[in-house]
Amino acid sequence: MRLDVNDHAYELHCEVGTTLAEALRDELSLTGTKIACGEGHCGACTVLVDGAPVLSCITLAHAVGDAKVTTIEGLREHPMLRSFVRADALQCGFCTPGQVVSAVALVEARPEPTTEEIRHAMAGNLCRCGAYPKIEEAIRTWRD
Amino acid sequence: MARLIRTEKEVEGRYEEVWLVVEEDALEQWPTGPRDVVGRPAERLDGFERASGQAVYTADLDKPGMLHTAVLRSPHPRARATVDVSPALGMPGVHAALGPGEVEQLSAECNYQGQAVAAVCADTLAQARAAVRAIRCDFAVLEPLLDPDEAVRRGELLGDPRVRERGDYERGLAEADAVVEAEYRTQVVLHNSMETHQAVVEWTREDAVEVHISTQYVWGIRDAVAEGLGLPADNVRVVCHYMGGGFGSKNSPDDYTFIAAELARRTRRPVKCALTRREENTAAGNRNATIQRLTVGARSDGTLTALGGEFVNAVGWGGWSSGTEGPMQMLYACPNVKTTTYGAKLNLPPMKAFRAPGFVEGTFGLEALLDELAAQLDLDPLELRRLNHAEQAPEGGEYSDKNLLECYRRAEPHWERRHEVRARSTGTVKRGVGMASQIWYGGGGPPSYAWVRVGSDGRAAVVTAMQDIGTGTRTAMAQIAAEELRVPLEHVSVSLGDTDRGPYATLSAGSSTTPSVGPAVRAAAADARTQIEEIAEQRGLPKDAPVAAVVDVLEDAQILGKGARGPNPTGMQVLTFGVQVAEVAVDVETGEVWVERIAAVHDVGRVINPLGASSQIEGGIIQGIGHTLSEERLHDPATGRLLTTTLDAYKLPTIADVPEIVSELVDEPDRHLTNLGSKGLGEPPIVPTAAAIANAIRDATGADVRQLPITREEMLRALREAEARQKEKVGAPAGV
Amino acid sequence: MELRQASDTTVDGVPIHGGTEVVPLLRAGLLRAETLVDIRGVVSRGVADGRIGAGVPLAEIECDPQVPEVLREACRLAASPQLRNMGSLGGNLLQATRCWYWRLNWPCRLHDGDECFAREGEHREHAIFANDFCASAHPSDVAAALLALDATLTTSRRELPLAGLYRLPTDDDRRTTTLDPGELILDVRYDKPDASVYLKAMERKRWAFPLVGVAAVRRGATTRVALAGVAPIPWLLDGFESAAPLPRNAYKVDVAKALVKRATAAVAG
């Protein structure tokens, strides 16, 4: 099968049933995408598929087809990352790549989201450390 | 000079007598207030690595030839297993399988759900899981003991009941003008660190292992693994550079580390054993449930005359009976206090420390009780607390420092908002404001050590084998070193998380890292700084010449500083204090409760990094909100099997549940505590949140919520009860 | 296991669209499949006046101004943002209950066993109507909205009212839908309402299944109210007389009554 990840075409072999998260982490060593629950409940595994945030831990790798996958590794130059660091929008950091991916998708669609829009768009990314207030701030100030 | 002392060491509210070698702490504290680096906001040194996904967590480790483990765990709270692991050995990709007794942590006698019974390692995780399913295993299910009160009746206890009494409780009650009795209950809460418990173990020699593990305590892991495997401690190397949350649950190696070690020994391969989310929420610890039957007596002016409580900690099969009675014993200057605490041993998974264990639960009970008293006596809750403020530790001894009254003072503007907040109530949405005080430990203690190395480029490395579990201690240590060395923060790096590459540092638990390791780092930096000044003098440079200019001729030479944590002040209680004021709204028709604002004022001594500190406060409060409103591990009442181990059913707060949070720190160095005067801040912010919310609900509605979480069911029940009470009052004949 | 692309609406295997339900169920061992059939190519993704393709993800419906408020809000408050990006309208209607006993594979009646563990056990999130055989609660906000809209479904084999998609499980047939194996929902049609609203009670502000969801739709003088989270299937409200709460979920009756009152008031002409 083929996967288009971060504008790079990969050939890989995995069984049907392998999730996109497993393919990214185990086959392509793109371990920035985290698996925290493995069943679609927490958002740590969020990646973009054709620009939309999806849960890679419950996406079948074989169902991705020709769609373009963007992982946190593909967003390394995005100003949102610096904004997260500036705002201290992370503590342990394990959920953070997923948070950043969701946040990037939000501001690509709405460069100046309201608080309500941020809370609506980010509600699927759980953070046990409770960095939420500063995640909100990082998204509000991402272009500073 | 090294000094051998016998002293009490406190971790998570538990004391033990230990021998310690301490070194004198010769440095003067810095004066109050922000310095050049310390006390000023700093970005996390490792923020970009973590946020960008470059940081390698234990979960991300993939060593050549590494095998993956799946564990067969008991689905029953009490059962005897008959196990044959041999079918697993024939499954594809399998390298080894372990049955009960093959390591101590695998047992056929299952006394809680999640007890590890057998384990398999294979080339892939999917293969290991398939092989575990192939194990032949029959469970003879036995009747579990699930009811904590029943366990107390039967004497099924962990440790003896703990009775703590001062004064004459009965007399105190007799002297009271008002007595309030109430029963409070708190639920089981799950840590849910985003990175589950896991380890990768590799034997590097016949008699040496390397353990990569998601932990709060590399040295504790080293010693426990060495003891478990019968190895000299230094033959165990423990590494944890980044870890994805612990909250108290990751201080010990647990079953997965020993399972991986044995499988690695047998296969001569690196072996990873990682818990799934469901295993995590079954077998990796929890904040245990409590039942608190409490009584307060007071004079009509609010002076407390008696406090009493029977506390039942529903501990589970293992762990300990935490200090749920602590706040009642320690917070107020009440002369007559009597508490009895039971640790009920149940067929439920063992508890583990969870962010201020016992005090979160006990503060909910005590501080809600005090507000019920305030309501009965028609007193202002804040005034009631001021009136009963303890100038000296009620159980004896001086405080090293205490600024609780200052916290109350700074909370006043937030407390004053209650008139305006109440006025925003509507027909169905009632608003109110509540407060609660906070007391907890957080002074840390010896030993901890640090080295500071300055190279000829003028850059410094702090080397200490502590860990940064997400609290930002790496950054705080760099700030302390930069301040003392007088170099820019960006010229300081911190090497941590590896027992082979740095001296001992304490665990990242009990709000102890900064107060324990911080003074050692400052001492090491001061040692290096002294040498730098000596070199400057010999080069004819001024004492305050830039470090880089002093050392630039040194080439490969390095300046090495060494520092140790000095002793805590003798005979003094080192504690943290604070207050939180919550504003809530209650939909009285649907029972929905939401928090609109929380103001927090805490006293934790000197603040190293105000930015990281505010994050700690916010995080603690948000966990507290989950504890108060939505989180609960449920089990089936008949069988005791757990029902909410997945994150759809177990409801952590989302970003949409977060109120406005305003935080403030007194930032006054504790003048008796170390060369820093800093205490820990990991735990204090979660302590008063539940009580403040419950008290705000009472302010809004007149209803007494007495059970966590405050579900719609509990809220509507409390509202009905309040309504009935009101009717009774109105209906009663005059004069009664 | 194999994954095939559907070439038409005749499907031989387990259909999969967004996968938000199928993949977790497969991985948890609650669903077995030799063949998965990816139906994304054969199910419509269009939104037209009064008609929505079953393949449209909830995330598109929630912000489409052509869609009645009740359905938009039901989508907006459903699941999480990522799940709404992935999950389709048709798949949402076919999701299984969140009953923890069912999800943990206890041998309950929906798993062809002979006991409802929730009735005697933990049932605070469970059904208050029609719960004597099985107390599971149907979690679809969207289904309640469409039931209130009195929507019509087109499947690969027939047309039926939305209410006809669901059936209460019985001793001799444990299914909760009337769909045959391989039958696909293709689109959903409804008449434009005069006013509509969706109110939802959940345990946190976002990303939770409904404790009670209330959909109200008014056309002329008639208001139709349907509930989510209160019965094993989406529930068309016909008063609360038939409510039979269990000891620990009686609060749901109070919550439902309050929300029905508000929803009805909100759509009143």
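Residues numbered from 1 in each chain as written. Chains lettered and ligands numbered in written order. Predicted model: local features only at pLDDT ≥ 70, side-chain atom pairs only at ≥ 80, totals over all residues. Heavy atoms only, no water.

### Concerning the overall build of chain B
(1) Moving on: The number of helices and strands found in chain B is 19 helices and 27 strands.
(2) Moving on: For chain B, the C-alpha radius of gyration of 27 Å lies close to 27 Å, the compact-globule estimate for 736 residues.
(3) Moving on: Considering only C-alpha atoms, chain B reaches an extent of 90 × 75 × 45 Å along its principal axes.
(4) Moving on: Across the 736 residues in chain B, those meeting the buried criterion constitute 65%.
(5) Moving on: Across chain B, the fraction of contacts at a sequence separation of at least 24, relative to all contacts at a separation of at least 6, is 80%.
(6) Moving on: A total accessible area of about 25300 Å² is found for chain B, and carbon and sulfur atoms account for 48% of it. (Helix = DSSP H or I, 4+ residues; strand = E, 2+ residues; numbered from the N terminus. Rg over C-alpha atoms; globule rule 2.2 N^0.38 Å. Buried < 20%, exposed > 50% of the residue type's maximum accessible area, 1.4 Å probe, protein only. Contact = heavy atoms within 4.5 Å. Areas by Shrake-Rupley, 256 points an atom, 1.4 Å probe, with all protein chains shown as cover.)

### Points about the interface of chain B and chain A
(1) Moving on: Taken together, the contacts link 50 residues of chain B with 39 residues of chain A.
(2) Moving on: In this assembly, chain B and chain A are joined by seven salt bridges.
(3) Moving on: Two residues, B:E618 and A:K134, come together in a salt bridge whose shortest N-O distance is 3.4 Å.
(4) Moving on: The tally of links from chain B across to chain A stands at 25 residue pairs in polar contact (both at pLDDT 80 or more).
(5) Moving on: A total of nine residues in the side of chain B that touches chain A trace back to one element, the largest contributor, which is helix α17 (residues 610–629) of chain B. (Salt bridge = Lys/Arg side-chain N within 4 Å of Asp/Glu carboxyl O. Polar contact = N/O pair within 3.5 Å; in protein donor to acceptor, adjacent residues only side chain to side chain.)

### Thoughts on the environment of A:R2
All names here are of chain A.
(1) Moving on: Within the element layout of this structure, R2 appears in strand β1 (residues 2–5).
(2) Moving on: A C-alpha to C-alpha distance of 7.9 Å links R2 and D66, two positions 64 residues apart in sequence.
(3) Moving on: Not counting residues within four places of it along the chain, the set of residues in contact with R2 comprises A9, Y10, E11 and G65.

### Structural notes on helix α18 (residues 689–701) of chain B
Residue and element names in this part refer to chain B.
(1) Moving on: Taking 1.5 Å of rise per residue, the 13 residues of α18 would be expected to cover 18 Å, and the 18 Å separating its terminal C-alpha atoms lies within 8% of that figure.
(2) Moving on: Most of α18 is tucked away: eleven of the 13 residues are buried.
(3) Moving on: Within α18, burial applies to T689, A690, A691, A692, I693, A694, N695, A696, I697, R698 and A700.
(4) Moving on: In the stretch just after α18, G702 is the one whose phi turns positive, near 80°. (Expected span 1.5 Å × (residues − 1).)

### Structural notes on the domain arrangement of chain B
All names here are of chain B.
(1) Moving on: Each domain of chain B was delimited in the assignment, giving domain 1 (2–57 + 444–564), domain 2 (61–142 + 191–283), domain 3 (144–190 + 289–396) and domain 4 (400–442 + 568–736).
(2) Moving on: Distance from the C-alpha centre of domain 2 to the C-alpha centre of domain 3: 38 Å.
(3) Moving on: Between domain 2 and domain 3, the contact holds 16 residues from the first and 13 residues from the second.
(4) Moving on: Here domain 2 meets domain 3 over a buried area of about 1200 Å², counting both sides, of which 59% is carbon and sulfur.
(5) Moving on: Between domain 2 and domain 3 we count one salt bridge in total.
(6) Moving on: At the surface where domain 2 touches domain 3, the tally comes to six residue pairs in polar contact (both at pLDDT 80 or more). (Domains from an automatic or database assignment. Buried area = accessible area lost by both parts, 1.4 Å probe.)

### Comments concerning unusual backbone geometry
(1) Moving on: Cis geometry is found at the peptide bond from B:P446 to B:P447, where omega equals -5°.
(2) Moving on: Mapping B:P447 onto the fold places it in the loop between β19 (429–440) and β20 (449–454).
(3) Moving on: In the segment running from B:L708 into B:P709, the intervening peptide bond is cis, with an omega of -5°.
(4) Moving on: A positive phi is found at A:D7, a non-glycine position, where the angle reads about 60°.

### What about the sheet that holds strand β12 (residues 235–236) of chain C?
All names here are of chain C.
(1) Moving on: Judged by pairing direction, the sheet is antiparallel, and its four strands sit side by side in the order β9-β10-β11-β12 without closing on themselves. Each edge of the sheet is formed by a strand with only one pairing partner; in this case those strands are β9 (195–201) and β12.
(2) Moving on: Summarising the sheet, strand β11 (residues 222–228) and β12 pair through two bridges and their orientation is antiparallel. If you follow A226 over to β12, its bridge partner there is L236. (Pairing = 2+ DSSP bridges.)

### A look at the nonpolar core
(1) Moving on: Grouped together as the largest cluster of nonpolar side chains are 161 residues, with contacts concentrated most on A:I139, C:F129 and C:L227.
(2) Moving on: In terms of residue count, helix α10 (residues 359–377) of chain B provides more of this core than any other element does, ten residues in total.
(3) Moving on: Every residue in contact with C:F129, bar those within four places of it in the chain, is listed here: C:L227, C:V230, C:A231, C:P232, C:W235, C:L237, C:G239, C:F240, C:S242 and C:A243.
(4) Moving on: C:V67, C:A145, C:L153 and C:I233 belong to the second largest nonpolar core, which has 45 residues in total. (Core = buried A, V, L, I, M, F, W, Y, C linked by side-chain atoms within 4.5 Å.)

### Regarding helix α19 (residues 712–731) of chain B
Structurally, the α-helix is built with 3.6 residues per turn, so residues lying three or four positions apart point the same way.
(1) Moving on: Taking 1.5 Å of rise per residue, 20 residues should cover 28 Å, and α19(B) covers 28 Å from first to last C-alpha, within 8% of that figure.
(2) Moving on: Buried-residue contacts for α19(B) involve β25 (576–587), β26 (593–603) and α18 of chain B together with β9 and α9 (251–267) of chain C.

### What to know about the packing of helix α4 (residues 115–122) of chain A against helix α5 (residues 132–140) of chain A
Residue and element names in this part refer to chain A.
(1) Moving on: The geometry of α4 relative to α5 is characterised by a closest axis approach of 10 Å and an angle of 115° between their N-to-C directions. Every pair of crossing elements has a handedness; the one defined by α4 and α5 is right-handed. Of the residues in α5, those touching α4 at T115, I118, R119 and M122 are I135, E136, I139 and R140.
(2) Moving on: For the contact of α4 with α5, the per-class residue count stands at four nonpolar, one polar and three charged. (Axes fitted to C-alpha atoms, helices over the stretch in contact; angles between N-to-C directions. Left-handed = near helix turned anticlockwise from the far one by under 90°. Nonpolar A, V, L, I, M, F, W, Y, C, P; charged D, E, K, R; others polar.)

### Details of the interface of chain A and chain C
(1) Moving on: Of the residues lining the interface, 28 residues belong to chain A; the matching set on chain C comes to 25 residues.
(2) Moving on: Between chain A and chain C, a total of about 2000 Å² is buried, with carbon and sulfur atoms accounting for 60% of that surface.
(3) Moving on: For chain A, the biggest contributors to the area lost against chain C are A:V16, A:I58 and A:H120; these three give 32% of the whole.
(4) Moving on: In this assembly, chain A and chain C are joined by two salt bridges.
(5) Moving on: With its nearest N and O atoms 3.8 Å apart, the salt bridge here joins C:R206 to A:E116.
(6) Moving on: Across the contact surface, chain A and chain C share ten residue pairs in polar contact (both at pLDDT 80 or more).
(7) Moving on: Those elements giving two or more residues to the side of chain A that touches chain C turn out to be β4 (52–55) and α4 of chain A.
(8) Moving on: Residue contributions to the side of chain A that touches chain C peak at four residues, all from β4(A).
(9) Moving on: Looking at the side of chain A that touches chain C, its residues break down into twelve nonpolar, 13 polar and three charged.

### Details of the pairing of strand β6 (residues 152–155) of chain C
All names here are of chain C.
(1) Moving on: For β6 and strand β7 (residues 159–161), the ladder comprises three bridges, and the chain directions are antiparallel. When the bridges of β7 are listed, L153 appears paired with L160.
(2) Moving on: Taking the residues that link successive antiparallel strands as the turn, the β6-β7 hairpin has three residues.
(3) Moving on: One ladder, built from four bridges, connects β6 with strand β8 (residues 185–189); its direction is antiparallel. Looking at the pairing, T154 lines up with D187 of β8.

### Concerning the sheet that holds β7(C)
(1) Moving on: With respect to topology, five strands assemble into an open sheet ordered β4-β5-β8-β6-β7 (chain C), the strand pairing being antiparallel. Only two strands of the sheet have a single neighbouring strand rather than two, namely β4 (47–48) and β7 of chain C.

### Description of the side chain of B:D667
(1) Moving on: Within the secondary structure, B:D667 sits in the loop between β27 (660–665) and α18.
(2) Moving on: Excluding residues that lie within four positions of it along the chain, B:D667 makes contacts with B:T32, B:G605, B:R606 and B:V607.

### Looking at the domain arrangement of chain A
Residues and elements named next belong to chain A.
(1) Moving on: For chain A, the domain assignment lists domain 1 (2–74) and domain 2 (75–140).
(2) Moving on: Centre-to-centre, using C-alpha coordinates, domain 1 lies 20 Å away from domain 2.
(3) Moving on: Here domain 1 and domain 2 share an interface that buries about 1200 Å² over both sides, 67% of which is from carbon and sulfur atoms.
(4) Moving on: Contact with domain 2 buries surface across domain 1, with K34, T46 and I72 losing the most and accounting together for 38% of the total.
(5) Moving on: Where domain 1 packs against domain 2, one counts zero salt bridges.
(6) Moving on: Linking domain 1 to domain 2 there are six residue pairs in polar contact (both at pLDDT 80 or more).

### Examining the pattern of salt bridges
Residues and elements named next belong to chain C.
(1) Moving on: Taken as a whole and judged by the stated rule, the model has 107 salt bridges over all chains.
(2) Moving on: In this structure, R4 engages E2 in a salt bridge whose closest nitrogen and oxygen atoms are separated by 3.1 Å.
(3) Moving on: The partner of R72 in a salt bridge is E69, with the nearest N and O atoms 3.6 Å apart. One end of the pair is R72 and the other is E69, both in helix α3 (residues 69–76) and three residues apart, which spans about a single turn.
(4) Moving on: A relative accessible area of 24% means that R72 is categorised as partly exposed.
(5) Moving on: Look at E69 and you get partly exposed, because its relative accessible area is 33%.

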